[in-house]
Amino acid sequence: MRLYLLRRLLQIIPTLIGITFITFVIINAAPGNPMSHLIDPHISREAIATRERQLGLDRSLTERYVIWLSELSRGNLGFSTRYRRAVTEIIRNRIGPTILLTFSSMLLSFIIAVPIGVYSAVHQHSRQDYIFTILTMAAVSIPVFFLGVALIKIFSFDLRLLPVGGMITAGETHSTWLVYASDVGRHLVLPLFVLSCASTASFVRYIRSSMLEVIRQDYVRTARAKGLSEKVVIYKHALRNALIPVITILGLSLPYLFSGAILTEVVFAWPGMGSLSVEAVMTRDYPLLMGINLILAMLVILGNLLADIFYAVVDPRIRHD
């Protein structure tokens, strides 16, 4: 296992170089540049050229990428052209709310999806199974922005139970951590529900399909023939093996939730990485875009690595040589 982890960690370096180079080329190939959002329409061309030299935009694409890569090796992600601050500082301030939202969504989705998926598989073609199937299909099909706006209309404007958006109430002072956590929790309810809706439905479908395949195996019938209770057969023998393919989906869901949180964060004005990504795209903030895409690329690699590790945890027969 140690050699396998070392080999996988060494593979991360060329993978990230390839991903960041492709991303860098695509970002710079888009129309416009950061200057189009920083300058006055009546500014002279000489002033524009001076500012472009300061930002390094007069250099070739390859030269700029090599400079960015050398700075990255020192832990420097560059300087945001919009916020006039270091990219690492901006991401550090914004990544906390996104982690809170995405990990809460993943945990909630998995907790809800496992019992529903197992129940649907065990009671296949029952009325409850059909109901869960309809609900999961509806949850996957509803657009995030529509569901978010609809929930805001119902719970914020009509019932006045939950705040419209943001992470905390503007202008309110929090005397204790408990008051602060309560305020954040109230603001978290709607975006958490919206982000968890589609992921829960997907997990339910994957767990149901995997369970249907496992419970027909010979070892499950043997366990029942030995007189084991149905609960032990399903949750101790069948579910553990059914979770193996689900782990792959769970590992890949980590970067998906980060990227999928973009619409959710924009609709609810959640101050996370998703809304920051939209701002960076709209203002052609190249250093900030590269920093955000680097985080997403690392999450994809980390998700795959964690999935491989948890294979061996769930199934002791799997070993990485």
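Structure: see above.
Each chain carries its own residue numbering, running from 1 in the direction its sequence is written. Thresholds applied to this predicted model are a pLDDT of at least 70 for local features of residues and 80 or more for the giving and counting of side-chain atom pairs; totals over whole chains, interfaces and linings are not thresholded and use all residues. Calculated side-chain values reflect all of the structure's heavy atoms, with hydrogen atoms and water omitted.

Draft legend 1. Highlighting helix α7 (residues 177–214). Helix numbering and strand numbering both begin at the N terminus, where a helix is a DSSP run of H or I of at least 4 residues and a strand a DSSP run of E of at least 2. The span expected for a helix works out to 1.5 Å for each residue beyond the first. Along its 38 residues, α7 runs just 46 Å from first to last C-alpha, ending more than 12% under the 56 Å computed at 1.5 Å per residue. Here the bend at a residue means the angle between the axes of two seven-residue stretches, the one that ends at it and the one that starts at it. When the local axis directions of α7 are compared, the greatest deviation, roughly 40 degrees, occurs at L188, which is followed within four positions by the proline P191.

Draft legend 2. Quick peek at the pattern of salt bridges. By convention in these notes, a salt bridge is any Lys or Arg side-chain nitrogen within 4 Å of a carboxyl oxygen on Asp or Glu. Evaluation of the coordinates by the stated rule reveals nine salt bridges. With a shortest N-O distance of 2.9 Å, E230 and R224 are connected by a salt bridge. Through salt bridges with shared partners, one network takes in R82, R94 and E279.

Draft legend 3. Representation of the packing of aromatic side chains in the model. Ring pairs are drawn from Phe, Tyr and Trp, using the six-membered ring of Trp, whenever the two centres fall within 6.5 Å, and their geometry is named by plane angle: stacked under 30 degrees, edge-to-face over 60, tilted for the rest. In this structure the tally under the stated criterion is six aromatic pairs. Taken together, a centroid distance of 6.3 Å and an interplanar angle of 85 degrees make the contact between F110 and F203 edge-to-face. Separated by 93 residues along the polypeptide, F110 in helix α4 (residues 87–122) and F203 in helix α7 bring together distant segments of the chain. On the accessibility criterion, F203 (3% relative accessible area) is buried. Between Y119 and F132, the aromatic rings sit 6.3 Å apart at their centres with planes inclined by 90 degrees, giving edge-to-face as the arrangement. Residue Y119 is found in helix α4, and its partner F132 is found in helix α5 (residues 127–141); the two are separated by 13 residues along the sequence. A relative accessible area of 32% means that Y119 is categorised as partly exposed. Given a relative accessible area of 24%, F132 falls into the partly exposed group. Put simply, the rings of F21, F24, Y65 and W68 touch in pairs and so form one group of aromatic residues. Relative accessibility decides the category of a residue: with a 1.4 Å probe and only protein chains considered, values under 20% of the type maximum give buried, values over 50% give exposed, and everything between is partly exposed.

Draft legend 4. Geometry of the environment of R74. Note on placement: R74 falls in the loop between α3 (61–73) and α4. In the analysis that follows, any N or O atom pair within 3.5 Å is treated as a polar contact, provided that within protein one partner can donate a hydrogen and the other can accept it, and provided that, for residues neighboring in sequence, both atoms belong to side chains. Looking at R74, its side chain comes within polar contact range of the main-chain oxygen of S70, at 3.3 Å.

Draft legend 5. Representation of the side chain of T200 within the structure. Here T200 is to be found in helix α7. The buried category is assigned to T200, whose relative accessible area is 12%. Polar contacts involving the side chain of T200 include one to the side chain of S109, which spans 3.1 Å.

Draft legend 6. Structural detail: the side chain of T136. Looking at where T136 falls in the secondary structure, it is placed in helix α5. In what follows, a contact means two residues having at least one pair of non-hydrogen atoms within 4.5 Å. Excluding residues that lie within four positions of it along the chain, T136 makes contacts with A201, V204 and R205.

Draft legend 7. The arrangement of the packing of α4 against α7 in detail. Fitted lines through C-alpha atoms give the axes, limited to the stretch in contact for helices. The angle between two N-to-C directions lies from 0 to 180 degrees. α7 packs onto α4 with a crossing angle of 35 degrees between their chain directions and a minimal axis gap of 6 Å. The crossing of α4 and α7 is right-handed. Throughout, a crossing is termed right-handed when the near helix is turned clockwise from the far one, and left-handed when it is turned anticlockwise from it by less than a right angle.

Draft legend 8. Structural detail: the packing of α4 against helix α10 (residues 273–282). Two numbers describe how α4 lies on α10: the axes approach to 8 Å, and their chain directions differ by 135 degrees. As far as their axial angle goes, α10 and α4 are oblique. Contacts between α4 and α10 involve I90, I91, R94, I95 and T98 from the first element and M273, G274, S275, L276 and E279 from the second. Note on residue classes: Ala, Val, Leu, Ile, Met, Phe, Trp, Tyr, Cys and Pro are nonpolar, Asp, Glu, Lys and Arg are charged, and everything else, Gly too, is polar. Here the residues of the contact of α4 with α10 sort into five nonpolar, three polar and two charged. Comment on the angle field: the value is read as roughly parallel under 35 degrees, roughly antiparallel over 145, roughly perpendicular from 65 to 115, and oblique elsewhere.

Draft legend 9. Representation of the environment of W177 in the model. Looking at the element boundaries, W177 is found in helix α7. Residue classification places W177 among the exposed positions, given a relative accessible area of 73%. Between the C-alpha atom of W177 and that of D218, which follows or precedes it by 41 residues, the distance is 54 Å.

Draft legend 10. Geometry of the nonpolar core. Note on terminology: a nonpolar core comprises buried Ala, Val, Leu, Ile, Met, Phe, Trp, Tyr and Cys residues joined through side-chain atoms within 4.5 Å. In this structure, I91, L276, L288 and I292 are the most contacted members of the largest nonpolar core, which totals 23 residues. Top contributing element to this core by residue count: helix α11 (residues 286–314), with eight residues. For I91, the contacting residues outside a window of four places in its chain are L77, M273, L288, G291, I292 and I295. I215, I234, L239 and A242 belong to the second-largest nonpolar core, a separate cluster that totals 20 residues.

Draft legend 11. Layout of unusual backbone geometry. Although it is not a glycine, H125 adopts a positive phi angle of roughly 70 degrees. Along the chain, H125 falls in the loop between α4 and α5. Not every positive phi belongs to a glycine, and R160 is a case in point at roughly 55 degrees.

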